[in-house]
Amino acid sequence: MQPFGISTRNRLAAVMRIIDERLGAVLVIGLLSSMVLLASSSLPPSMTVSELWGLGDDSSLTVSGLLASLWTYESGSEVIVISDESGEPTVKVVCAVGPGPPPSDTVSIGDLLKVSGECVFDGGVPVVYCEYGDVHIVRQSEQVLTLDLLSAAWSLFEGDRISLEGVCEPDASGVLRLRDMDGGCSIMMLLDEGVDPLEGHVLADCVLVLDRATMTLVLEVRALSPVD
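Residues numbered from 1 in each chain as written. Predicted model: local features only at pLDDT ≥ 70, side-chain atom pairs only at ≥ 80, totals over all residues. Heavy atoms only, no water.

Right, let's get into the overall build of the protein chain. Each helix and strand in the protein chain was counted, giving 4 helices and 12 strands. Residues classed as buried in the protein chain amount to 33% of the 228 residues present. Expressed as a percentage of contacts within the protein chain between residues at least 6 apart in sequence, the contacts between residues at least 24 apart total 57%. Roughly 13,300 Å² of accessible area belongs to the protein chain as shown, and the carbon and sulfur atoms make up 57% of that amount. (Helix = DSSP H or I, 4+ residues; strand = E, 2+ residues; numbered from the N terminus. Buried < 20%, exposed > 50% of the residue type's maximum accessible area, 1.4 Å probe, protein only. Contact = heavy atoms within 4.5 Å. Areas by Shrake-Rupley, 256 points an atom, 1.4 Å probe, with all protein chains shown as cover.)

This paragraph deals with the pattern of salt bridges. If you walk through the whole model with that rule in mind, you get 5 salt bridges. Between Asp205 and Arg161 there is a salt bridge; the shortest N-O distance is 2.7 Å. Linking Asp205 in strand β11 (residues 200–211) with Arg161 in strand β8 (residues 161–170), this pair joins segments that are 44 residues apart in sequence. Classification of Arg161 as exposed rests on a relative accessible area of 51%. With a shortest N-O distance of 3.2 Å, Asp192 and Arg222 are connected by a salt bridge. (Salt bridge = Lys/Arg side-chain N within 4 Å of Asp/Glu carboxyl O.)

When you line up the elements, Ile82 lands in strand β3 (residues 78–83). A relative accessible area of 0% places Ile82 in the buried class. Sequence-wise, Ile82 and Gly65 are 17 residues apart; in three dimensions their C-alpha atoms are separated by 5.1 Å. Setting aside anything within four residues of it in sequence, one finds Ile82 in contact with Val49, Val63, Ser64, Gly65, Leu66, Leu67, Ala68, Pro89, Thr90, Val91, Val93 and Leu113.

Tracing the sequence through the fold places Glu88 in the loop between β3 and β4 (90–96). For Glu88 and Ser50, which are 38 residues apart along the polypeptide, the C-alpha to C-alpha distance reads 7.9 Å.

It is worth spelling out unusual backbone geometry at this point. Glycine aside, the phi torsion of most residues is negative, and most peptide linkages are trans. Look at Met215: it is not a glycine, yet its phi comes out positive at around 55 degrees. For Met215, the position within the fold is in the loop between β11 and β12 (216–226).

Attention now moves to the sheet that holds strand β9 (residues 176–179). Taken in spatial order, the 5 strands line up as β8-β9-β10-β12-β11 and close into a barrel, and their pairing is mixed. Ignoring which end each strand starts from, the neighbouring axes of this sheet average 55 degrees apart. As judged from the 4 bridges shared by β8 and β9, these two strands associate in the antiparallel manner. Of the residues in β9, the one forming a bridge with Val167 is Arg179. (Pairing = 2+ DSSP bridges. Axes fitted to C-alpha atoms, helices over the stretch in contact; angles between N-to-C directions.)

Moving on: the pairing of β8. Where β8 lies against β11, 8 bridges are found, and the strand directions are antiparallel. The residue bridging Gly166 from the neighbouring strand is Val202, located in β11. Hairpin connection of β8 to β9: 5 residues between the antiparallel strands, including Gly174 at a positive phi of 90 degrees.

Moving on, we get to the environment of Val115. Within the secondary structure layout, Val115 lies in strand β5 (residues 112–122). The spatial distance from the C-alpha of Val115 to the C-alpha of Ser46 is 9.3 Å, given a sequence separation of 69 residues. Once you skip the residues sitting within four places of it in the chain, Val115 turns out to touch Leu61, Thr62, Val63, Ile80, Val93, Val128, Cys130, Asp134 and Val135.

Okay, here's the thing in structure tokens:
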């Protein structure tokens, strides 16, 4: 027969092993629960339009790009197209009626937008589905739409009314042109009746058109104001 003290120690050791096992199980369950909560509360990935095209799988995400076009429908839904700053590629965003004003009330062509929604691939082509309140303006068009970008991606903005900042000056033949600040590119300007010509640093409220006869880009200027 074993001494009483040894038997007691054995019982205590067995009890402690049971407690340790139960405590370990509780800790594991708590850790797994925390991981699930963290995963469920994590923000969707944020990416550019080009990165979205490389995704390949349906996903919840946030995508940023320049507003190239916008259509509204009688149902209240709106469809916008955003692009990378190079003008390519583009992605279509379908906006359903939801909290807040429709995008058409707040956005302008050339605005840099951030859209959160569900990206669905159909035949390899991504389409983002969201609600009104999921479309946010990051920067407005006059802050991001440059002559450089306009020249590179003019087809996205043809026929649209836009704001452009640049230097207004006549060329060698006396035709007014708007050029970027470093002189890298310029576009011919046609002033509407009543618009006074200005030279120097200006902000042009204009419509971009393509002269089919000469295949040159032209800015039809609605208003011209100096920039200090």
